[in-house]
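Topology and contacts: notes
Listed below are the residues making up each chain.
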Amino acid sequence: MNSPEISRNNQSLPVFGLLVGCVLFGMGSLIVAHVSVGSYAMAFWRLLVSSLIFGCLMVIFRQHFPSSRRAIGFALLSGAALGLDLALWHESIHAVGPGISTLLNSLQIFFLALIGVLFYSEKQSMVRIISLVLAVFGIGLIASPEFASNMQAGFGFVAGIASGACLALSMTWVRQAHRYETVAILPLMTLVAIGGMMILLPLMLWLDGGRILPSSLTEIGWIVIYGAIMQCLAWGVIAYSIPKLSLTLTGLLLLSEPVAALLLDYFWLGKAIDSVQWLGVCLTLVAIYLGSINRKNA
């Protein structure tokens with residue numbers, strides 16, 4: 001009789017953690033916009049900083065890498081997908097700005113919901129479907145004016161949407177790693193960082209040219225903050241929360257990230273946002289709320 005209430009209570013911490021992690025994650029876009037390092041190099045340095053931090057903490061707390069080769073493999077695959085997600089997201093930030101790029105990245109809800117239906121047999125209730133439609137419509141209202149004023153909008157939109165697909169794969173492979181072995185968070189995040197660095201290193205050397213190294217101590221400081229706060233703290237909390245929630249609910253809660261990024265873009269960077277875009281923000285918030293209270297199938 002009490003099991004539904006127990007289930008809701010058990011989900012409260014992961015839901016809260018995922019929201020906090022996403023807001024911090026979105027704030028990282030402001031750092032990317034103001035550091036002259038290339039998109040792939042910025043992602044590489046972020047993961048390098050996080051790998052050092054997580055690796056040291058893993059030793060201090062005596063946590064160990066998983067013994068399952070499949071768990072290790074999926075953790076590394078998750079990192080590779082995350083590395084591509086970060087690099088493409090950075091490209092989109094430079095093309096269309098922090099707010100719009102983060103909104104495009106959040107189209108991952110399509111990919112997460114599709115993966116949930118095809119591979120995890122997650123059923124979609126009518127309320128959940130409505131919330132997804134509202135979320136997509138809201139993001140469309142926010143993003144559409146960009147095409148009228150930005151010549152790089154096409155590239156920025158493609159990169160942003162592709163980054164969302166990569167992030168959905170990364171989320172899914174974190175979940176898959178836990179199916180083979182319950183992996184402690186510190187070794188998991190160390191493996192994720194290593195997987196991302198492995199795929200980013202050749203791409204960074206090939207595509208970023210003379211924009212690989214930071215140009216000042218200030219930029220080095222921002223990169224360290226970017227890796228420590230946005231990757232270690234934010235992504236660690238997100239990775240902790242994902243296995244405890246359904247993929248569709250995870251996707252909807254992740255929409256808090258673009259809303260936060262857009263508000264920062266408006267209040268901090270002075271980006272003009274018209275009434276249609278604010279309507280899109282409201283619709284997105286409604287979608288997040290509907291998704292968070294409708295947990296019957298989560």
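Quick note: structure is the one above.
Let me begin by describing the structure that accompanies this report. By convention here, each chain's residues receive numbers from 1 onward along its written sequence. Given that this is a predicted model, residues contribute local features only at a pLDDT of at least 70 and side-chain atom pairs are listed and counted only at 80 or more, while totals for whole chains, interfaces and linings are drawn from all residues. Excluding hydrogens and water, the side-chain values take into account all heavy atoms of the structure.

1. Let's talk about the packing of aromatic side chains
Under the pairing criterion, centres of Phe, Tyr and Trp rings, with the six-membered ring standing for Trp, must be within 6.5 Å; the plane angle then separates stacked pairs below 30 degrees from edge-to-face pairs above 60, leaving the rest tilted. Tallied over the entire structure, the rule returns two aromatic pairs. Between F44 and W45, the ring centres sit 5.2 Å apart and the planes meet at 75°, which makes this aromatic pair edge-to-face. When the ring of F74 is compared with that of Y180, the centres are 5.7 Å apart and the planes differ by 10°; the resulting orientation is stacked. Within this pair, whereas F74 is found in helix α3 (residues 69-96), its partner Y180 is found in helix α7 (residues 153-180), the two being separated by 106 residues in sequence. Whether a charge sits over a ring depends on NZ of Lys or CZ of Arg being within 6 Å of the ring centre and within 35 degrees of the ring normal. Stacked on the ring of Y226, the Lys or Arg R46 has its end atom at 4.6 Å from the ring centre. Only runs of H or I of at least four residues qualify as helices and only runs of E of at least two qualify as strands under DSSP, and these elements are numbered from the N terminus.

2. Focus: helix α11 (residues 256-267)
Helix length check: α11 (12 residues) gives 17 Å between terminal C-alpha atoms against 16 Å at 1.5 Å per residue, within 8%. Listed as buried for α11 are S256, E257, P258, V259, A260, A261, L262, L264 and D265. Between the first and last residue of a helix there are one fewer steps than residues, each counted as 1.5 Å, and that sum is the expected span. Residue burial is assigned from relative accessible area. The probe radius is 1.4 Å, only protein chains are included, and a residue is buried under 20% of its type maximum, exposed over 50%, and partly exposed in between.

3. A look at the layout of surface pockets
Using a 1 Å grid laid over the protein atoms alone, points where a 1.4 Å probe fits but cannot get out form a cavity; open sets with protein on both sides within 12 Å along at least 5 of 7 lines form a pocket; any residue with an atom within 4 Å of a point counts as lining. Grid points are joined across faces, edges and corners, and a volume is the space filled by probe spheres set on the points. By volume, the largest pocket amounts to about 220 Å³. Along its surface, the largest pocket is lined by L24, M27, L30, I31, H34, V35, W222, I225, I229, M230 and W268. When residues of the lining of the largest pocket are traced back to their parent elements, those giving at least two are α1 (3-34) and α9 (217-241). Sorting elements by how many residues they give to the lining of the largest pocket places α1 first, with five residues. Residues are grouped as follows: Ala, Val, Leu, Ile, Met, Phe, Trp, Tyr, Cys and Pro are nonpolar; Asp, Glu, Lys and Arg are charged; all remaining types, including Gly, are polar. For the lining of the largest pocket, a count of residues per class yields 10 nonpolar, one polar and no charged.

4. So, the pattern of salt bridges
Any carboxyl oxygen of Asp or Glu within 4 Å of a side-chain nitrogen of Lys or Arg constitutes a salt bridge here. In total, this model carries one salt bridge according to the counting rule given. A salt bridge links R211 to D208; the nearest nitrogen and oxygen atoms lie 3.8 Å apart.

5. Details of the nonpolar core
Counting residues in each nonpolar core, the largest one holds 78 residues, and the members touching the most others are M42, I100, L188, W235 and I238. Those residues within four positions of M42 in sequence are excluded, and the remaining contacts are I31, V32, V35, V37, H90, I223 and Y226. Grouping buried Ala, Val, Leu, Ile, Met, Phe, Trp, Tyr and Cys residues that are joined through side-chain atoms within 4.5 Å yields what is termed a nonpolar core. Every residue pair with non-hydrogen atoms within 4.5 Å of one another is taken to be in contact.

By themselves these figures say nothing about function.
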